[in-house]
Amino acid sequence: AAFDKRRIVHMDLPMGVHLDILRWANYVDFRLRMPRQDGQDGGCGNFNGDASDDTTEAIFSRDGARVQDDDFLFSRRTDVRVGETQKKLLDICPE
């Protein structure tokens, strides 16, 4: 299937950050590429070369499990609904 190039947005941001956003009718996908930044931490870990401190529990203990209200990009929260396909994927994917 051909991909509609109008659905993708490429951004080259400061500090070597590159963001590709793929827009769909009911969701967006994105790819974030960037070099390591001092103090970097988040859902993918802290990039210190030690995978043992990149578990979900370790990340939550450093950053918390939720985005703080002052850090929201959008004006309100929304409920996320998980469909049957996503439920099947969650069942087969390791944590």
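Provided above is the structure to which this section pertains.
Keep in mind that what you see is a predicted model, and the values were worked out from it rather than measured.

Quick notes on the rules
- Residues numbered from 1 in each chain as written.
- Predicted model: local features only at pLDDT ≥ 70, side-chain atom pairs only at ≥ 80, totals over all residues.
- Heavy atoms only, no water.
- Helix = DSSP H or I, 4+ residues; strand = E, 2+ residues; numbered from the N terminus.
- Contact = heavy atoms within 4.5 Å.
- Areas by Shrake-Rupley, 256 points an atom, 1.4 Å probe, with all protein chains shown as cover.
- Pairing = 2+ DSSP bridges.
- Axes fitted to C-alpha atoms, helices over the stretch in contact; angles between N-to-C directions.
- 1 Å grid on protein atoms, 1.4 Å probe; cavity = no way out; pocket = protein on both sides within 12 Å on 5 of 7 lines; lining within 4 Å.
- Points joined across faces, edges and corners; volume = space filled by probe spheres on them.
- Nonpolar A, V, L, I, M, F, W, Y, C, P; charged D, E, K, R; others polar.

Caption draft 1: Just the overall build of the protein, in detail. Counting its regular elements, the protein contains two helices and three strands. Restricting to contacts in the protein with at least 6 residues of sequence separation, those with at least 24 account for 0%. Carbon and sulfur atoms provide 55% of the accessible area of the protein, an area that totals close to 8,800 Å².

Caption draft 2: Here's a closer look at the pairing of strand 1 (residues 8–13). Inspection of the sheet shows strand 1 paired to strand 2 (residues 17–23) by six bridges, in the antiparallel sense. In the strand pairing of strand 2, L13 is matched with V17. Between strand 1 and strand 2, which pair antiparallel and follow one another directly, the connecting turn spans three residues, one of which, M15, has a positive phi of 65 degrees.

Caption draft 3: Structural detail: the sheet that holds strand 3 (residues 28–33). Here we have three strands laid out as an open sheet, ordered 1-2-3, and antiparallel in their pairing. Each edge of the open sheet carries a strand with a single partner, namely strand 1 and strand 3. Averaged over all pairs of adjacent strands, the angle between strand axes in this sheet comes to 15 degrees, irrespective of strand direction. As judged from the six bridges shared by strand 2 and strand 3, these two strands associate in the antiparallel manner. Residue L22 lies in a different strand from strand 3, and its bridge partner there is D29.

Caption draft 4: Highlighting the layout of surface pockets. Here the second largest pocket is characterised by a volume of approximately 300 Å³. Lining the second largest pocket we find 11 residues, and of these G42, G43, D63, G64 and V67 sit closest to its centre. A class-by-class count of the residues in the lining of the second largest pocket yields four nonpolar, four polar and three charged.

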